[in-house]
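# Architecture at a glance
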Amino acid sequence: MHACLKLEEILHEIFSQADYRSLTIFARTCRLFYEPALNAIYSDLPGIEPLIKRLPQDLWSANSGGLVIRRPLRIQDWEVFASYSRRVRSLRLRWFASDVQFYRALSSPPDPSFLMPNLRTFTWHCLSTRSAGLDTITAFIHLLLSHNLAEAHLTVSEHALTVFSDLGCTSLRKLVIQSPNAPISANVTEDVICSHSALKSLACGEITVRALHHLSQFPSLSRLTIGLGDDVPSALAFAKSPFRKLRYLTINSKSIDPCLSMLKATNWNIRCFHHRMDVAYDPAGRGALLELLPLQLSHESLKCISLFSNATPRLDDDPITDPLSLNPLFRFKHLRILEFSGSIIPALDNTGLLKLAEAWPQLQVLIFQQKAGQYHVPRIDLTGLVLLLEHCPDLYQLTLSVNAIIDTKAPPAPPISTASTNNTRITSINFCNSPISKAAEVAAFLSAITPNLRETSSWTGAVMPDSCGTVQEYQRRWDSVAEMVPVFAAVRKQEREACIMRTQAKRHVGRK
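As the structure is a prediction and not an experimental result, all values here were calculated from the model.

## A word on unusual backbone geometry
- A positive phi is found at M116, a non-glycine position, where the angle reads about 50°.
- Structurally, the position occupied by M116 is in the loop between α6 (100–106) and β5 (121–126).
- Its relative accessible area of 0% is what places M116 among the buried residues.
- The phi torsion at C432 lies on the positive side, around 50°, for a residue other than glycine.

## Thoughts on the packing of aromatic side chains
- All told, the structure shown has 10 aromatic pairs when counted by the stated rule.
- On the numbers, 5.7 Å between centres and 80° between planes, the contact of W78 with F81 is edge-to-face. Residue W78 and its partner F81 are located together in helix α5 (residues 75–85), separated by three residues, close to a single helical turn.
- According to the relative accessible area criterion, W78 is buried, its value standing at 3%.
- A relative accessible area of 1% means that F81 is categorised as buried.
- When the ring of F330 is compared with that of W360, the centres are 5.1 Å apart and the planes differ by 65°; the resulting orientation is edge-to-face. Placement of the pair is F330 in the loop between β13 (320–321) and β14 (337–342) and W360 in the loop between α13 (350–359) and β16 (365–370), with a sequence separation of 30 residues. A single burial state applies to F330 and to W360, both of which are buried.
- Clustering of aromatic rings is evident, with ring pairs tying together F238, F243 and W268.

## Comments concerning the environment of L51
- The residue L51 is located in helix α4 (residues 49–52) in this model.
- The spacing of L51 and F81 is 30 residues in sequence and 6.6 Å in space, taken between C-alpha atoms.

## A short note on helix α14 (residues 382–391)
- If you check which residues of α14 are buried, you get L382, G384, L385, V386, L388 and L389.
- Tucked into the core, α14 has its buried residues touching α13, β16, β17 (397–399) and α15 (439–449).
- Where α14 starts, the residue carrying a side-chain oxygen 3.0 Å from the main-chain nitrogen of T383 turns out to be D381.

## Details of the side chain of T250
- Positionally, T250 belongs in strand β10 (residues 248–253).
- By relative accessible area, T250 is classed as buried at 18%.

## As for helix α2 (residues 20–29)
- Those residues of α2 lying buried are L23, T24 and A27. Within α2, the buried residues cover an arc of 100° as seen down the axis, which keeps them to one side. Residues of α2 that are exposed and point more than 90 degrees away from the buried face comprise R21 and T29.

## Description of the packing of α13 against α14
- Relative orientation of the contacting elements α13 and α14 amounts to 5°, with a least axis distance of 8 Å. One finds that α13 runs roughly parallel with respect to α14. Note on element contacts: α14 touches α13 through T383, G384, L387, L388 and H391, opposite N350, L353, L354, A357 and E358.
- In the contact of α13 with α14, the residues fall into five nonpolar, four polar and one charged.

## Things to note about the environment of P46
- When you line up the elements, P46 lands in the loop between β1 (44–45) and α4.
- Each C-alpha atom of the pair P46 and R94 lies 8.6 Å from the other, and the pair is 48 residues apart in sequence.

## Some remarks on the pattern of salt bridges
- Taken as a whole and assessed by the stated rule, the structure comprises eight salt bridges.
- Residues D44 and R92 are paired through a salt bridge, measuring 2.5 Å at the closest nitrogen-oxygen approach. One end of the pair, D44, is in strand β1; the other, R92, is in strand β4 (residues 90–94), with 48 residues separating them in the sequence.
- For D44, a relative accessible area of 40% puts it in the partly exposed group.

## Details of a negative patch on the surface
- Taken together, the side chains of E206, D230, D231 and D257 define an acidic patch exposed on the protein surface.
- Positionally, E206 belongs in strand β8 (residues 201–207).

Criteria and thresholds
Residues numbered from 1 in each chain as written. Predicted model: local features only at pLDDT ≥ 70, side-chain atom pairs only at ≥ 80, totals over all residues. Heavy atoms only, no water. Helix = DSSP H or I, 4+ residues; strand = E, 2+ residues; numbered from the N terminus. Buried < 20%, exposed > 50% of the residue type's maximum accessible area, 1.4 Å probe, protein only. Phe/Tyr/Trp six-rings, centres within 6.5 Å; stacked < 30°, edge-to-face > 60°. Contact = heavy atoms within 4.5 Å. Polar contact = N/O pair within 3.5 Å; in protein donor to acceptor, adjacent residues only side chain to side chain. Arc of directions from axis to C-beta. Axes fitted to C-alpha atoms, helices over the stretch in contact; angles between N-to-C directions. Parallel < 35°, antiparallel > 145°, perpendicular 65-115°, else oblique. Nonpolar A, V, L, I, M, F, W, Y, C, P; charged D, E, K, R; others polar. Salt bridge = Lys/Arg side-chain N within 4 Å of Asp/Glu carboxyl O. Patch = residues over 30% accessible without salt bridge, like charges linked within 9 Å, V, L, I, M, F, W, Y side chains within 5 Å. Areas by Shrake-Rupley, 256 points an atom, 1.4 Å probe, with all protein chains shown as cover. Lys, Arg positive; Asp, Glu negative; His and termini not counted. Charge placed at Lys NZ, Arg CZ, Asp CG, Glu CD.

So this is what it looks like as structure tokens:
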């Protein structure tokens, strides 16, 4: 056996890429592989059933409803259980009333170290609104949290989260709280998060102003995703040195005012800022936000701005805003990601896109996607894409509407492929609400600037022109573009190679 295969670190990397069947073969093949293979098999479990099945078969049985515990665990059973549970690093539990027997049977180990002592990530899915059985799983979870748990992902009802709020875990570094069916009371969320001051990352729903003040003093908090209600005071003020380590901030709110209040409360040395506005359609408020960002956010550290508005405008509302609203953002010289999605999108033409590209030459992701409101014919054409790629050579993700209607009298000539316009990073483009007439001409053009383009998407949102039949035809043409670009790119490469060979041959003849 090669000496490298005797290193635990290398075996861990190999086994982490293997599937279950391969791991079982590894475990039976060599004694040296046995422990690392078992560690990989049991490192991430979708429930506790795989551990129960390792116990003697007189302890459990299987029926149509799942596994049934037939007798209490003896010390020998716990030793077997511990030999496997110590390998678990991540556990995902879903609440089913029928599983109460499992939690009851496992809630009295001889020693807490018998019950997953190396668990680091815990995921709990419980949307129950009833108390029956929750006290049993609470006791079980309490044992899990008595170890060095680092991450908790909770998809829970308010009632279930209330249960979790009584379980302190000082080692917790990352906490995610989601409630898909109904929003959780901000007061209940406050009770949970305020007892975990060691958090580095928090994502949750709406929180109280008091909880916000607590979070501002968390010494290690670097990532924060929260919801803000309309009760946030306009003159919000934090204690000295708030959010010292914060680098990634996401604010979800129904209107713009809570977001503005929070940003005004202090200066922010963050790398990424995201804001989602779910209810109010407020282009003027969005403009106020764009003017405020360079006043409150560090010009040097900010790398990402993502703004989303989910509100549906009225028929007389225009979702396309003044392109000059982007001007304040040009102070952020190191921007790499810019996203405007939803119902409030700056209206850009080729000149505006060029100005954007010149301001942010390090741009890697650009997303301008209208998802609501009336349809507007894009003002950017294929020539605008050339300008964008020429000034943003690192761009690898692009979502943008362009007008690809070809003028038959003056079709755009594909640009001469150069290092400044030939982007090999882009393999997929979302053309959003882009009209297109001649797929072959567009594909020939794009093959000169994005030769590795292999996939296109278009017209996937709610914004539609008058004719649905037109949309279907546009989609078909964009699909054809994705199929033809590799062909044109291959032909261009062959032409270049043939030209180089002819030039070299002429030089060789001239020397003779």
